[in-house]
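Fold and geometry: a report
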Amino acid sequence: MKEIETPIEYSDICPFSDKEFHSKMEELVTEPGFKHAVTWVMPDIDFDAFCQSLLAIPNKQVFQEQVMFNFLQMLAAKTTDGISCDGANKVDQTQAYTMRTNQLDIVLDASFLNLSLLKEHLRTTEVAIGSNLLIYDWIENLVRLNKSVIVKRDVGMRHALEAAEQLSGYIHFAVQEKKESVWIAQRQGRAKDSSDETQESLIKMLAIKGGGSLIDNLKSINLMPVAISYELDPNDYLKAREFLLKKKDPNFKKTQRDDLFSMEIGLLRNKGRVHFTFTDCINPELEQLKGLDKTEQVLKICQIIDKHIHANYRIYPGNYIAYDQRYATDRFRCNYTDADVSQFNAYIDGQLGLAQKEVDFTLTEEDYKFMRDMMLVMYSNPLINKLTATNEL
């Protein structure tokens, strides 16, 4: 199938075209940073032979099917206890969607989503990724070779609307004209307490383009919520550390090194079981909102997306244990064993031990208790949100 040419106004944010693929790959394989990253993740690889295999690839689709699929399979085998999915039959291959998910890992949410789609013999999504993560030119080249769309961050108030219009226009073009699904998280950045909610600003951005009403513009890009459930969050202790440092200093801000370290930990550490649930496209529910004013429409749309995602979380023993420990109850005691409790407590204690290495002062018992309480919040919130969404709280 011939690739549809992307309009020039999206040339700085869209995935590279198949015409550009080979020349951009030639640039990438000469980058020292790329070599360092590949050999760091796969230390036993024959890098020169790997580069030659990359240069033989004709386009993005083959790159994903022959290279990224194998890489993600390897990564999943090393860092998860299995990736599963439900509801893939809801993805109509004759349609394209804007898939909205909660955000648990900066790198792997969309990567594992696309791995799940490949396993089901479905087309992968284009992935919206913030420019703040693209700290080197070669990283931007790599992600655009891998079907990523650049979300411009930190452009200043004067250019913010321009950037939002450009991104909205491109997503509409991708879904309607290219018939390529697009993945975008339901909020900018991860919720540190694991209580994800859709940001109104993202809904407004998606509705800028389309030429019709807010509802019709959103219906034209087929919003499909997808719930992601990780059994373990490798960054939980780093989030707890951040909560502690902000408690001690409200002006604390993470450094670029912190962001890079979080990406490294999320990529390479154990995530336990990982599950995706594809839910229904929300167009019928959007149609029912047409009588409301725009402010109320946006609020209701966020609530609809959140309910689809929260109601479809997969809940693991650790989530039940965290809830019972957080609230000093035994409400969910039938959902876990004594062995599960021992394993969960040992995991939390081990993660808190790692937190000591990431601060330049000695943690007190009070500090440890605060961070442990925050980790219980992180692991119990998905359950609380699911109970709320299903009217069981």
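None of these values were measured; they are calculated from a predicted model. (Residues numbered from 1 in each chain as written. Predicted model: local features only at pLDDT ≥ 70, side-chain atom pairs only at ≥ 80, totals over all residues. Heavy atoms only, no water.)

All right, on to helix H10 (residues 236-248) then. With 13 residues, H10 should cover 18 Å at 1.5 Å per step; its first-to-last C-alpha distance of 19 Å lies within 8% of that length. Residues Asp 236, Tyr 237, Leu 238, Lys 239, Ala 240, Arg 241, Glu 242, Leu 244 and Leu 245 constitute the buried set of H10. (Helix = DSSP H or I, 4+ residues; strand = E, 2+ residues; numbered from the N terminus. Expected span 1.5 Å × (residues − 1). Buried < 20%, exposed > 50% of the residue type's maximum accessible area, 1.4 Å probe, protein only.)

Bringing the pattern of salt bridges into the picture now. Pairing between side chains of opposite charge can happen when their charged atoms approach one another. For the coordinates displayed, the defined rule picks out 21 salt bridges. Between Arg 123 and Glu 180 there is a salt bridge, and its shortest N-O distance comes to 2.2 Å. Of this pair, Arg 123 sits in the loop between helix H5 (108-119) and strand S3 (126-130) while Glu 180 is found in the loop between helix H7 (157-178) and strand S5 (182-185), placing the two residues 57 residues apart along the sequence. By relative accessible area, which is 10% here, Glu 180 ends up buried. As a salt-bridge pair, Lys 248 and Asp 367 come within 3.3 Å of each other at their nearest N and O atoms. (Salt bridge = Lys/Arg side-chain N within 4 Å of Asp/Glu carboxyl O.)

Let's shift gears to the side chain of Asp 233. Of note, Asp 233 is situated in the loop between strand S6 (223-230) and H10. Looking at Asp 233, the relative accessible area reads 13%, which means it is buried. One polar contact links the side chain of Asp 233 to the main-chain amide nitrogen of Asn 235, over a distance of 2.9 Å. A polar contact is formed between the side chain of Asp 233 and the side chain of Lys 239, at a distance of 2.6 Å. What Asp 233 contacts, discounting residues up to four positions off in sequence, is Lys 239, Tyr 347, Gln 351 and Tyr 379. (Polar contact = N/O pair within 3.5 Å; in protein donor to acceptor, adjacent residues only side chain to side chain. Contact = heavy atoms within 4.5 Å.)

Mapping His 310 onto the fold places it in helix H13 (residues 294-311). Leave out the neighbours within four places in its chain, and His 310 touches Asp 196, Asn 385, Lys 386 and Ala 389.

Here the focus is the packing of aromatic side chains. The full count for this structure, using the stated rule, is eleven aromatic pairs. Ring plane angle 85 degrees and centroid distance 5.1 Å describe the contact between Tyr 323 and Phe 332, whose orientation is recorded as edge-to-face. The residues Tyr 323 and Phe 332 share a single accessibility class, namely buried. One aromatic cluster in this structure is built from Tyr 320, Tyr 323, Tyr 327 and Phe 332. Over the ring of Phe 370 we find Lys 247, and its NZ or CZ is 4.6 Å from the ring centre. (Phe/Tyr/Trp six-rings, centres within 6.5 Å; stacked < 30°, edge-to-face > 60°. Lys NZ or Arg CZ within 6 Å of the ring centre and 35° of its normal.)

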